[in-house]
Amino acid sequence: MKTILTSKFGLLIVGIATIALIAVLQLSLSTARLDLTEGKAYTLSQGTKSILTSLENPVELELFFSKSQTQNIPQIRTYAQRVRELLLEYVALSGGSLSLTETDPEPFSENEDRAALAGLTPAQSQAGSPDLYLGLVARGQGGVEQSIAFLHPARESQLEFDLSRAVYIASRNQAPKIGIITDLPVEGGMNFMAGLNNDPFVSVEQLKQTNDVTILPSTTSDIPGDIQLLMVIHPNGWSEQTRYAIDQYLMQGGNLAVFVDPHAEADDAAVLQGQPSQSDLPELFDTLGIEYDKDAIVTDAEISLAVRDPDSGRATRMLAWLGLQAEQVNAHRVTTDILSVNLATAGALNFEQSDLTVTPLLQTTPNSAIDDVVKVQGELNPKALYDGFAATGEPITLAALVQGRFDSGFEAAPQAPENAEATTQADVDTPAKAHISQSENEGAVLVVSDVDWLSDRMWVQVQDFFGQRLAQPFADNGKLLGNIAGMLTGDAALLDVRQHVQQDRPFAKVQAIQADAELKFRRKEQELLAELEATEAELAQLQQPADGDGTITLSEEQQQSLIDFQAKKLDIRKDLRNVQHQLGKDIEALGNRLKIIHIIAWPLLAGLLLTLYRRRLMA
């Protein structure tokens, strides 16, 4: 006798119930996920959650995706689904402040026109095919609109930050105002010396996406009062009037971010003209108690970046190019989520004489030294920096935050140059501002002894994607600049939003071993080169003509010395080749040993332990 569950009718009921249960679970758990990735790549950071629960104004999100045009492009459809699920999670966490609509901008439709008007950039899967859209428009109730032109899968590591930034900006009524004083081509433009067109710095472009940025000339003598943060980048030979304006801005309660450099490789104009590309702000540094020598650079044998040796063609370390990792980044609000920063020919900052509150942010390893900037002002030769390298044994500070009440670095306002003329009648009628000798309230000055870290080549790879610049970071330089702006403008909401920058994940111990090995071999190489030079000098001395007719007359003893020196020269050159060859072999052998340990030894050990455990259970 059949029961109701085994009958056809019963099976039909079970099937319908199962389908209904699956549908309910799919709807209710559409945004739920179990994140088993290292670093929780698919879990929203606390910064995003804080933004979503405290939006200033409601925001309408519109996701433009060419669904009908991507039937045969599973990669784009899969990524679009990832974006959609993440946005639904945003909506669920916002408590009603966010809403999401989805639009398919079909070719020649009104929706395609709306996507174009919103500033979205289409792509083409192949030549002659219709345009494909995958972009987002965030519209705030306060009238602010923010767009992401194209959500490219290559930027998946930045997806959470890009979405959170768009939502955050759209919800605000007004962006923080930042002023930048610099002569560097941070906004791009024509480089007439090189005959090239400079692209804008990606770091500054990203800063503009979340802030109201004004570029001020280096000849400015008055800082607008509504500037919340003043960034001073590479003050190279600026007038006393400009330096005084910076000083008084600080005295009036403004916050400063100052970036100086003993050798700014990003200063193309100075480099091409063969002029010094050094920068300094002496009055400010004196009042802050900062010791900074613009004629000295910092080198580090442990975290230096690898470059191609111009002589041998092999990879070698450029001691003045520093690849700071998490161990060299001190924990602070401004260094939130900063795991790597690359700098080039940076200077040293010493705060021993300062009576203010100083927080070091970026430091070298103890295997670092201070060298003469002259070694890098000409052609960059990695080997030259090994000559005389002697580690200090102590970390060297490269960036720091100084807080407190500041004294002016000027006793009074400097006199205007004799050839200066007022440009308008308003300038004549405006009375001179009273000199402020001390800041009324506590302020903050952040100092970095490098400006090259802002340039693209040190942290980001930029590609052209259908006319759009696609930036793929390999270090956190851009994130750090955004953190600096966020903290010093008091607008720190985006600091805790995670950016999953693609890291090299180096073995710190292996790097240290490689650095020590390379330093040892480079020193031996220098010794052999010096010995070779001395030997060749002795040979040249012996081979000089002794007679007036140009003939060389040698005694038996001198002839034997000549033979000995020639043999010695050959031996030295052989030793030199062996040293250069051994350096590569030792580093390669170290890598092979590590591969054997991780690929073979550990699995064998795990298998042995598992076998012993099973035998114990069976005993």
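Residues numbered from 1 in each chain as written. Predicted model: local features only at pLDDT ≥ 70, side-chain atom pairs only at ≥ 80, totals over all residues. Heavy atoms only, no water.

## Topic: the sheet that holds strand 6 (residues 145-148)
Sheet architecture is open: four strands sit in the order 2-1-5-6, paired in mixed fashion. With partners counted over all chains shown, the strands left at the sheet margins are strand 2 (98-103) and strand 6, one partner each. Direction aside, the axes of adjacent strands within the sheet are offset by 15 degrees on average. Here six bridges tie strand 1 (residues 59-65) to strand 2, and the two strands are oriented parallel to one another. In the strand pairing of strand 2, L61 is matched with L100. (Pairing = 2+ DSSP bridges. Helix = DSSP H or I, 4+ residues; strand = E, 2+ residues; numbered from the N terminus. Axes fitted to C-alpha atoms, helices over the stretch in contact; angles between N-to-C directions.)

## Describing helix 3 (residues 74-93)
When the terminal C-alpha atoms of helix 3 are compared, their 29 Å separation across 20 residues agrees well with the 28 Å that a helix rising 1.5 Å per residue should span. Along helix 3, the residues that are buried comprise I76, Y79, A80, R82, V83, L86, L87, E89 and Y90. Along its buried surface, helix 3 packs onto helix 2 (46-52), strand 1, strand 2, strand 5 (134-140) and helix 5 (159-171). Phi turns positive one or two residues past the end of helix 3, at G95, with a value near 65 degrees. (Expected span 1.5 Å × (residues − 1). Buried < 20%, exposed > 50% of the residue type's maximum accessible area, 1.4 Å probe, protein only. Contact = heavy atoms within 4.5 Å.)

## Details of the packing of helix 6 (residues 202-210) against helix 12 (residues 477-488)
Where helix 6 meets helix 12, the axes come as close as 9 Å, and the angle between the chain directions of the two elements is 40 degrees. Relative to helix 12, the element helix 6 lies oblique. Pair helix 6 / helix 12 crosses with right-handed handedness. Contacts between helix 6 and helix 12 involve S203, V204, Q206 and L207 on the former and, on the latter, G478, L481, G482 and A485. For the contact of helix 6 with helix 12, a count of residues per class yields four nonpolar, four polar and no charged. (Parallel < 35°, antiparallel > 145°, perpendicular 65-115°, else oblique. Left-handed = near helix turned anticlockwise from the far one by under 90°. Nonpolar A, V, L, I, M, F, W, Y, C, P; charged D, E, K, R; others polar.)

## Some words on the pattern of salt bridges
Applying the stated criterion across every chain yields a total of 13 salt bridges. For E62, the salt bridge identified is with R139, shortest N-O distance 2.9 Å. Here E62 is found in strand 1, whereas its partner R139 is found in strand 5, with 77 residues between them in sequence. Its relative accessible area of 5% is what places E62 among the buried residues. According to the relative accessible area criterion, R139 is partly exposed, its value standing at 25%. Where K433 meets D222, a salt bridge forms, and the shortest distance between an N and an O atom there is 3.1 Å. Note that K433 is positioned in the loop between helix 11 (425-429) and strand 20 (443-448) and D222 in the loop between strand 10 (212-216) and strand 11 (229-233), a separation of 211 residues in sequence. (Salt bridge = Lys/Arg side-chain N within 4 Å of Asp/Glu carboxyl O.)

## With respect to the nonpolar core
By size, the foremost hydrophobic cluster in this structure holds 44 residues, and its most contacted members are M231, F259, L446, W453, I484 and L488. The biggest single contributor to this core is helix 12, with six residues. In terms of nonpolar packing, the next biggest core, distinct from the first, is built from 34 residues, I73, L134, A138 and A170 among them. (Core = buried A, V, L, I, M, F, W, Y, C linked by side-chain atoms within 4.5 Å.)

## A few points about the side chain of S94
Mapped onto the elements, S94 comes out in the loop between helix 3 and strand 2. Within polar-contact distance, the side chain of S94 engages the backbone oxygen of V91 at 2.8 Å. (Polar contact = N/O pair within 3.5 Å; in protein donor to acceptor, adjacent residues only side chain to side chain.)

## Digging into unusual backbone geometry
Its identity is not glycine, yet H234 carries a phi of approximately 60 degrees, on the positive side. Following the sequence through the fold, H234 ends up in the loop between strand 11 and helix 7 (240-251). Looking at H234, the relative accessible area reads 2%, which means it is buried. Of note, T345 is a non-glycine position whose phi angle comes to about 45 degrees, a positive value. Looking at the element boundaries, T345 is found in the loop between strand 16 (340-344) and strand 17 (357-363). Using a relative accessible area of 0% as the deciding quantity, one classes T345 as buried.

## Observations regarding the packing of aromatic side chains
In the structure shown here, the tally under the stated rule is three aromatic pairs. Considering the side-chain rings of Y244 and F410, the 5.3 Å spacing of their centres and the 85 degrees angle between planes classify their relative orientation as edge-to-face. Here the residue Y244 occupies a position in helix 7, and F410 occupies one in the loop between strand 19 (397-404) and helix 11, the gap between them amounting to 166 residues. Taking the relative accessible area as the measure of exposure, Y244 reaches 11% and is therefore buried. Note on F410: relative accessible area 9%, which makes it buried. Ring geometry for F285 and Y292: centres 5.7 Å apart, planes at 85 degrees, overall edge-to-face. By relative accessible area, which is 3% here, F285 ends up buried. (Phe/Tyr/Trp six-rings, centres within 6.5 Å; stacked < 30°, edge-to-face > 60°.)

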